[in-house]
Amino acid sequence: LTLAQLLKKAPVKSDVDLVLLAGYFLKTVRGTQSFTAAEIKNAIKATKTPLPNNIGDVIGKNIKKGLMMHAGDKDGNLAFVLTTDGIEFVAEQLRA
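Trainee: For this particular structure, what's the right way to read the packing of helix α2 (residues 15-29) against helix α4 (residues 55-64)?
Mentor: Helix-helix packing is described using two parameters, namely the angle between the two axes and the distance between the axes. Contact geometry for α2 and α4: axes closest at 9 Å, N-to-C directions at 85°. When the axis of α2 is compared with that of α4, the two are roughly perpendicular. Across the interface between the two elements, D15, V16, V19 and L20 from α2 touch V58, I59, K61 and N62 from α4. Split into classes, the residues belonging to the contact of α2 with α4 amount to five nonpolar, one polar and two charged.

Trainee: I would appreciate a short explanation of the environment of K13 in the present structure.
Mentor: Mapped onto the elements of the fold, K13 is located in the loop between α1 (3-9) and α2. Along the primary structure K13 and D57 are separated by 44 residues, whereas in three dimensions their C-alpha atoms are 17 Å apart.

Trainee: Would you explain the pairing of strand β2 (residues 77-82) in this entry?
Mentor: The two faces of a sheet get side chains in turn, since along a regular strand they alternate between them. Sheet analysis places strand β1 (residues 68-74) next to β2, joined by five bridges and oriented antiparallel. Note on β2: the bridge partner recorded for D73 is L78. Counting the residues in the hairpin turn of β1 and β2 gives two residues, including D75, whose phi is positive at 55°.

Trainee: Looking at this structure, how should I read the environment of A79?
Mentor: Examined against the element boundaries, A79 turns out to sit in strand β2. Judged by relative accessible area, which is 0%, A79 ranks as buried. Measuring from C-alpha to C-alpha, the distance between A79 and L18 comes to 18 Å, with 61 residues separating the pair along the chain.

Trainee: What exactly am I supposed to notice about the nonpolar core here?
Mentor: The nonpolar side chains of a soluble globular protein tend to be buried, and buried together. Judged by nonpolar contacts, the single largest core of 26 residues is most densely connected at L3, V19, L21, F35, I40, I44 and M68. Elements with a minimum of two residues in this core: α1, α2, α3 (37-45), α4, β2 and α5 (84-95). Among the elements that take part in this core, α2 stands out by supplying nine residues, more than any other. Aside from chain neighbours lying at most four places away, what touches M68 is V19, L20, F35, I59, N62, I63, F80, V81, L82 and T83.

The rules behind each value
- Residues numbered from 1 in each chain as written.
- Predicted model: local features only at pLDDT ≥ 70, side-chain atom pairs only at ≥ 80, totals over all residues.
- Heavy atoms only, no water.
- Axes fitted to C-alpha atoms, helices over the stretch in contact; angles between N-to-C directions.
- Helix = DSSP H or I, 4+ residues; strand = E, 2+ residues; numbered from the N terminus.
- Parallel < 35°, antiparallel > 145°, perpendicular 65-115°, else oblique.
- Contact = heavy atoms within 4.5 Å.
- Nonpolar A, V, L, I, M, F, W, Y, C, P; charged D, E, K, R; others polar.
- Pairing = 2+ DSSP bridges.
- Buried < 20%, exposed > 50% of the residue type's maximum accessible area, 1.4 Å probe, protein only.
- Core = buried A, V, L, I, M, F, W, Y, C linked by side-chain atoms within 4.5 Å.

In structure tokens:
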């Protein structure tokens, strides 16, 4: 399963949804425990979908919504994870 395939299944209405779905992909499909903004960017770039202007800002919006959270750092960069609410939100979108 690729992120591009997930994008076809999920109703992505905004950059916030796109970044959340990319995080979900990295966690559930690739098995990544935590991810950086660069990893999100690379996952989205591989789908040939337009990138958000400021991925860090979009991650911050997901954090404010309680769908993502900080997870220390990874390779010297801030790391993030999806919260249980974030995982459930994306899973519901994929079922719709």
